[in-house]
Structures are given as C-alpha cells and as structure tokens.
Amino acid sequence: MARTILLVEDEPTLRETLAGNFERDGFRVLTAAGGQEALRRFRAEPSDLVLLDLMLPDLPGLDVCRIIRRESDVPILMLTARDSEIDKVVGLELGADDYVTKPFSLRELLARVHALLRRAEQRALESGAGALATVGRVQVDLAGHRLLRDGVPLAVKPKAFELLAFLVRHAGQVFTREQLLEHVWGYDYAGETRTVDVHVHWLRREIEEDPGAPIHLQTVRGTGYVLRRPAEERPAARAEG
Ligand code: CA
C-alpha cells in the first residue's frame, strides 16, 4: 500500500522534480501549488506526510502548517529557502516535525521523509492505533496480527509473525538465537536454535527483494539477527549547520 505525500510547492519545476522522485521511491504524491489548495487537498484526502514549502504565494507555509496541525498529527516537513534560526524555531513551534533548507539534496530529503514516517509509525504502534510498519516488501499489522503485501494478507505461520513483530518492536537491536527463542517461543529451547534460522529463512523470502542478500532481516556474524528499517539504512547525511 503506497504511502501518500502531499507536496506543497509553488515552483513548478521543483514540484515536478520532487513529485517524480517520490513516485520513483514508491510513494503516491498529491501536489498543491499554494496554501489554499494544500488545505483543500489535505481535507479531501488525508496524507501520510506533508512536505510544505515555507514561501507560498497565497497563504504562508507557516499558516498552512498551523492549520493542518490543528486538524491532524500528520508528520509535516517544512521546505525553507531562508536559513535563519528564527524560521526554524517558528516552524517547529507551529507543529512542523522537521525542516530542510533549500538547496537540499534529494537523498537527504528522502532520508528525512523516511525517518519521519518511521517515527510516526512507531508512535502509532506504541499507542496501539494499529498502524502498519513497512518492512521491505511487506507491511506488519501488529495490532491485527497480520502480514500484508500491497494490502493483501499473506499466509504466515504464527511463530514467524511473532518473530517478525518482536524484531519490528526492537528494530536496530541485535539478538542472539537463544534470546529470540526465549522472547518469541517463550521458553528455553536450548539446542533448538535451528528453529530460529528456519523462521528467518521463511521471513526473508517474504520481506526481502533478494532473500540471498537480505538488507532488512540481517545476520550478524557470530551473534544472531537484527532487523534494519529504512531510516537506519539511510541516515540523513546532513551537512554542518
Ligand atoms: Ca516557494
């Protein structure tokens, strides 16, 4: 299920370039060339994230930000041409979650968008709102105990799901096979660590583009396994200042 970005930018070239790049990255992109249009589109069709230019011709980006924030806790990332501390602080105080200063690298922008979405998903998971956590080619519905691909539930063994759910909740932490047995299977399976490997093998076939070279459910040589999610794979390479 593609996530939707509302892109608010009055410069046509930048808007089209960004839209094309986000679409190539798997997003669905709604666009607006001004503040009023942004509000109309947002109210007509809620987005997973709003990318909002600060300088808009009709309604300033900061006003748009404040109005959307009153109506929704959608992540908002401000694009600003002015690199002044005041703008940054004001933007964030108005409820924006992050900002990038023009000119920015596309790679940095994508990394920040992924990081914001991941944080929003994590918040939703922690609050039990039942959001979906995307891992590679699947979406994990923790509350519903389902594994989905493009919104369609996959047949999954209960322990494979529990193993993945555990790793999603502890993304970035390395676990030994013994620890995973203890946490997921619930008791000491000493000598049965092969069970973990079998389930990891199965999960990789569902999750990874290339199960032979996994980038999400990784083996840590001599230790065990770790689940990597996008923001950790692509940390924002932000320049000084
Ligand atoms: Ca502008």
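Below, the structure is looked at part by part. Since this is a predicted model, take the numbers as computed values, not measurements. (Residues numbered from 1 in each chain as written. Predicted model: local features only at pLDDT ≥ 70, side-chain atom pairs only at ≥ 80, totals over all residues. Heavy atoms only, no water.)

## Quick word on the coordination of the calcium ion
Part 1 of the reasoning: Looking at the calcium ion, the protein donor atoms are Asp10 (OD), Asp53 (OD) and Met55 (O), and they sit 2.0 to 2.3 Å from it.
Part 2 of the reasoning: Read in sequence order, the donor residues for the calcium ion give the motif D-x42-D-x1-M.
Part 3 of the reasoning: Overall, Asp53 belongs to the buried group, its relative accessible area being 2%.
Part 4 of the reasoning: A relative accessible area of 44% means that Met55 is categorised as partly exposed. (Donors = N, O, S within 2.8 Å, 3.2 Å for Na, K, Ca; no water. Buried < 20%, exposed > 50% of the residue type's maximum accessible area, 1.4 Å probe, protein only.)

## What about the nonpolar core?
Part 1 of the reasoning: Core analysis: the biggest nonpolar cluster contains 28 residues, and Val140 and Val168 have the highest contact counts within it.
Part 2 of the reasoning: Listed by contribution, the elements that provide at least two residues to this core are strand S6 (132-135), strand S7 (138-141), helix H6 (158-169), helix H7 (177-185), helix H8 (194-207) and strand S12 (224-227).
Part 3 of the reasoning: The greatest single-element share of this core, amounting to eight residues, is contributed by H6.
Part 4 of the reasoning: By size, the runner-up hydrophobic cluster in this structure holds 23 residues, among which are Leu62, Val64, Val74 and Ile76. (Core = buried A, V, L, I, M, F, W, Y, C linked by side-chain atoms within 4.5 Å. Helix = DSSP H or I, 4+ residues; strand = E, 2+ residues; numbered from the N terminus.)

## So, the pairing of strand S4 (residues 76-80)
Part 1 of the reasoning: Within S4, five of the five residues are buried, which leaves the element mostly enclosed by the surrounding structure.
Part 2 of the reasoning: Burial of the side chains of S4 extends over both faces: Ile76, Met78 and Thr80 are buried on one face and Leu77 and Leu79 on the other.
Part 3 of the reasoning: Pairing of strand S3 (residues 49-53) with S4, which is carried by four bridges, proceeds in the parallel orientation. Note on S4: the bridge partner recorded for Asp53 is Leu79. (Pairing = 2+ DSSP bridges.)

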